[in-house]
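# Analysis of the macromolecular model
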Amino acid sequence: MTTLETAEPAATHAEPATPVPGPGSAHHPGAVMVQPPKWLSSTDHKIIGQLYLIGGLLGLFATIAVNVVIGIERIDGGEVTFDDALSQLFDAQRVGLVFGTAIPLALALCVAMVPLQLGARSIAFPRLASLGFWMWLGGLVLNVVSLIANGGTLGGREDMVDLFIASLALMALGATATAGAIATTVLTTRAPGMTMRRVPFFTWSALITSIAIIVVMPVFVGTLVYLFLDHRNARAGFGGNEGIYTWAGWMFTQPATYIFAIPAIGVFAELLPVTFRKRTPARGVMIAGLGLISVAALAAVTQQNVQRLPWSGSELNVDDLGTKAEDLVPYAFFNLLPLLGMVIVILMGLVLAKPQKGVRPNLNPGFSFAFFGYGMVFVGMLGTVLYAVDDLALQGTVFEEAVLIYIVYGAVLGVMGGIAYWAPKLWGSAPSAGKLAPLALLGVLATVLASFPHYIAGFLDQPAGPVYDNDDLAIWNILILVGHALMGLTVLAFIGLLLSSNRTRDDERNAAGDDPWDGQTLEWATASPAPGDNFVDVPVVHSAEPLLDLKAARHPAATTDGSSN
């Protein structure tokens with residue numbers, strides 16, 4: 001059932017209402033008007049999304065800096081930092097990758113674009129979404145403070161360890177609040193005629209991610225409550241601060257981190273029909289593929305199965321065949337099903353990419369980033385399948401760190417593709433596809449260099465911590481360091497191109513029309529940049545590609561092949 005917003009759209013040039021003098025009025029003697037900055041108090045989902053975007057990019061830069069320091073540490077044998085700061089560095093790496101980068105960037109794109117794709121004038125519960133951002137930001141700041149002040153999983157100050165645990169819970173609650181607003185928007189605030197089968201692919205990915213966050217984060221927070229109480233008291237039940245990763249580390253490892261990469265996969269799925277100028281056949285298959293990836297969320301809330309994910313499949317014999325078969329079930333469910341979802345998405349992409357006479361691909365600036373981001377996440381998932389096999393002896397090596405980098409950096413590339421694609425709706429500018437394509441290649445090179453050498457080093461038994469005494473592994477650590485530096489350069493150049501196009505958006509070369517990429521979904525039916533209330537009139541939807549229907553009605557000879565209900 002669809003809940004429509006019936007309020008009249010706000011008039012852009014309406015006359016301001018006459019204020020009533022009172023204690024809070026400028027006409028009251030001695031009164032001082034204090035207006036909070038629009039960006040700090042706005043309930044416009046596009047601004048909230050941009051706040052998440054700014055926070056996520058700052059978190060990404062900080063995490064890249066931490067990864068660079070760790071890389072230098074591994075090369076130089078501990079000459080960069082004091083020994084008692086190593087645990088804080090690795091805590092900052094994990095928290096920065098997941099809570100400082102992957103989560104805020106995923107939520108940024110979802111908050112900013114989902115209402116526009118649905119034909120809604122705002123996000124459901126906008127103040128809840130805004131509150132979620134400030135809770136996340138406050139938790140991130142407190143987490144940094146705790147690590148600087150000798151907190152973290154192996155920290156020496158008890159109060160700072162308590163603050164570290166509490167800050168994780170605060171960030172998790174903030175993400176849950178924003179995810180609740182996103183999920184409610186998709187389920188209840190859609191344009192007339194937009195059934196769930198007609199919801200755009202990116203919005204589907206946002207719904208899947210939001211529900212997964214709502215399912216996973218309460219379990220994570222509950223675990224943190226136990227850890228917090230244990231640390232403040234006898235520390236007998238959960239091992240105090242040393243038990244934090246033992247009991248709550250699943251949030252920072254695979255497959256739980258897959259759920260924060262689903263929006264990046266959704267961007268890829270969204271851009272496929274636009275790039276190849278086709279309607280998507282068998283939309284339910286694509287949606288099913290996205291849904292299978294979210295099976296990873298169940299791994300986070302099924303602790304018994306998570307502990308049994310590593311699988312020993314060699315030397316099968318009659319004595320332990322039953323145990324091996326029993327262990328194979330959760331291994332396959334949580335590792336192979338998400339990979340199957342990725343395969344389904346790319347197979348649908350191959351169907352859409354099939355050449356069609358008279359139809360040339362529409363190379364928009366976001367597709368290259370989305371494509372490479374999808375590829376990096378896929379390689380990360382393949383790594384998880386290998387990592388979970390006990391016989392390969394990869395547990396405890398840098399292999400798992402490489403998998404996490406693949407997943408997060410791949411998600412970053414996918415989000416960058418979404419930003420490039422939807423930049424006209426956020427800022428009114430159209431970045432150059434020709435300039436962004438080489439940058440996407442640099443981004444995928446950076447991700448591979450920052451990850452794949454540790455795949456090799458993992459098979460060579462490099463431990464997960466810093467290495468001081470094995471010169472044979474130095475070359476791989478040098479390549480890792482170069483990869484992280486290149487990723488920082490890629491993101492910085494990407495931001496520079498966006499700012500440059502935004503500054504010159506009045507130029508005909510950079511000014512974006514309402515539909516610069518020949519889109520298929522409702523966000524391209526409104527002005528660029530989108531006004532505060534998104535749409536003057538709530539559009540009526542008759543298919544999954546409402547803009548194609550409108551264009552076909554105006555120009556019957558220019559219809560697009562394919563069909564969708």
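Scroll up for the structure.
All values derive from a computational prediction rather than experimental measurement. (Residues numbered from 1 in each chain as written. Predicted model: local features only at pLDDT ≥ 70, side-chain atom pairs only at ≥ 80, totals over all residues. Heavy atoms only, no water.)

## Looking at the overall build of the protein
- Each helix and strand in the protein was counted, giving 17 helices and zero strands.
- Buried residues in the protein amount to 54% of all 565 residues.
- Within the protein, counting contacts between residues at least 6 apart in sequence, those at least 24 apart form 83% of the total.
- For the protein, the accessible area works out to roughly 23500 Å², and carbon and sulfur atoms hold 65% of it. (Helix = DSSP H or I, 4+ residues; strand = E, 2+ residues; numbered from the N terminus. Buried < 20%, exposed > 50% of the residue type's maximum accessible area, 1.4 Å probe, protein only. Contact = heavy atoms within 4.5 Å. Areas by Shrake-Rupley, 256 points an atom, 1.4 Å probe, with all protein chains shown as cover.)

## Details of the packing of aromatic side chains
- With the rule as written, the count across this model stands at 28 aromatic pairs.
- When the centroid spacing of 5.7 Å and the interplanar angle of 85 degrees are considered together, the rings of Phe399 and Phe459 count as edge-to-face. Placement of the pair is Phe399 in helix H14 (residues 399-427) and Phe459 in helix H15 (residues 433-459), with a sequence separation of 60 residues.
- Classification of Phe399 as buried rests on a relative accessible area of 0%.
- Feature note: the residues Phe268, Phe276, Phe367, Phe371, Phe372, Tyr374 and Phe378 constitute an aromatic cluster, connected by ring pairs.
- Over the ring of Phe201 we find Arg283; its NZ or CZ atom is 4.4 Å from the centre of that ring. (Phe/Tyr/Trp six-rings, centres within 6.5 Å; stacked < 30°, edge-to-face > 60°. Lys NZ or Arg CZ within 6 Å of the ring centre and 35° of its normal.)

## Some remarks on empty space enclosed by the protein
- With the rule as written, the count across this model stands at five cavities of 30 Å³ or more.
- One number sums up the size of the largest cavity: a volume of about 80 Å³.
- Pro200, Phe201, Glu270, Pro273, Val274, Thr280, Arg283, Gln520, Thr521, Ala544 and Glu545 are the residues that line the largest cavity.
- No other element matches the three residues that helix H8 (residues 262-275) contributes to the lining of the largest cavity.
- Split by residue class, the lining of the largest cavity holds five nonpolar, three polar and three charged. (1 Å grid on protein atoms, 1.4 Å probe; cavity = no way out; pocket = protein on both sides within 12 Å on 5 of 7 lines; lining within 4 Å. Points joined across faces, edges and corners; volume = space filled by probe spheres on them. Nonpolar A, V, L, I, M, F, W, Y, C, P; charged D, E, K, R; others polar.)

## Digging into a nonpolar patch on the surface
- Nonpolar side chains collect at one region of the surface, where Trp39, Ile54 and Leu58 lie side by side and expose about 300 Å² of accessible area between them.
- On the accessibility criterion, Ile54 (46% relative accessible area) is partly exposed. (Patch = residues over 30% accessible without salt bridge, like charges linked within 9 Å, V, L, I, M, F, W, Y side chains within 5 Å. Salt bridge = Lys/Arg side-chain N within 4 Å of Asp/Glu carboxyl O.)

## Looking at helix H5 (residues 158-188)
- Taking 1.5 Å as the rise per residue, H5 with 31 residues should run 45 Å; its terminal C-alpha atoms sit 45 Å apart, in good agreement.
- Where burial is concerned, most of H5 is hidden: 22 out of the 31 residues are buried. (Expected span 1.5 Å × (residues − 1).)

## Side note on unusual backbone geometry
- Look at the link from Gln254 to Pro255: it is a cis peptide, with omega at 10 degrees.
- Residue placement: Pro255 occurs in the loop between helix H7 (244-248) and H8.
- Across the junction of Ser528 and Pro529, the peptide omega takes the value -5 degrees, indicating a cis bond.
- Checked against the element boundaries, Pro529 lands in the loop between helix H16 (474-503) and helix H17 (546-554).
- With phi around 50 degrees, Phe125 is a residue other than glycine that occupies positive phi space.
- Its place among the elements puts Phe125 in the loop between helix H3 (86-118) and helix H4 (126-148).
- The class for Phe125 is exposed, based on a relative accessible area of 51%.

## With respect to the side chain of Thr275
- In this fold, Thr275 is placed in helix H8.
- In terms of polar contacts, Thr275 uses its side chain to reach the backbone carbonyl oxygen of Leu271, at 2.7 Å.
- Aside from chain neighbours lying at most four places away, what touches Thr275 is Pro361, Asn362, Leu363, Asn364 and Phe367. (Polar contact = N/O pair within 3.5 Å; in protein donor to acceptor, adjacent residues only side chain to side chain.)

## As for the pattern of salt bridges
- Per the stated rule, a full pass over the model turns up eleven salt bridges.
- Taking the shortest distance from any N to any O, the salt bridge between Asp159 and Arg157 comes out at 3.0 Å.
- On the accessibility criterion, Asp159 (39% relative accessible area) is partly exposed.
- Each of the salt bridges in this network shares a partner with another, and the network as a whole consists of Arg277, Asp515, Asp518 and Lys551.

## Some words on the packing of H3 against H4
- It is the contact of H3 with H4, at a shortest axis distance of 11 Å, that shows an interaxial angle of 170 degrees. Considering the angle they form, H3 stands roughly antiparallel to H4. Contacts between H3 and H4 involve Gln88, Asp91, Ala92, Val95, Phe99, Gly100 and Pro104 from the first element and Trp136, Leu140, Asn143 and Leu147 from the second.
- Classifying every residue of the contact of H3 with H4 gives seven nonpolar, three polar and one charged. (Axes fitted to C-alpha atoms, helices over the stretch in contact; angles between N-to-C directions. Parallel < 35°, antiparallel > 145°, perpendicular 65-115°, else oblique.)

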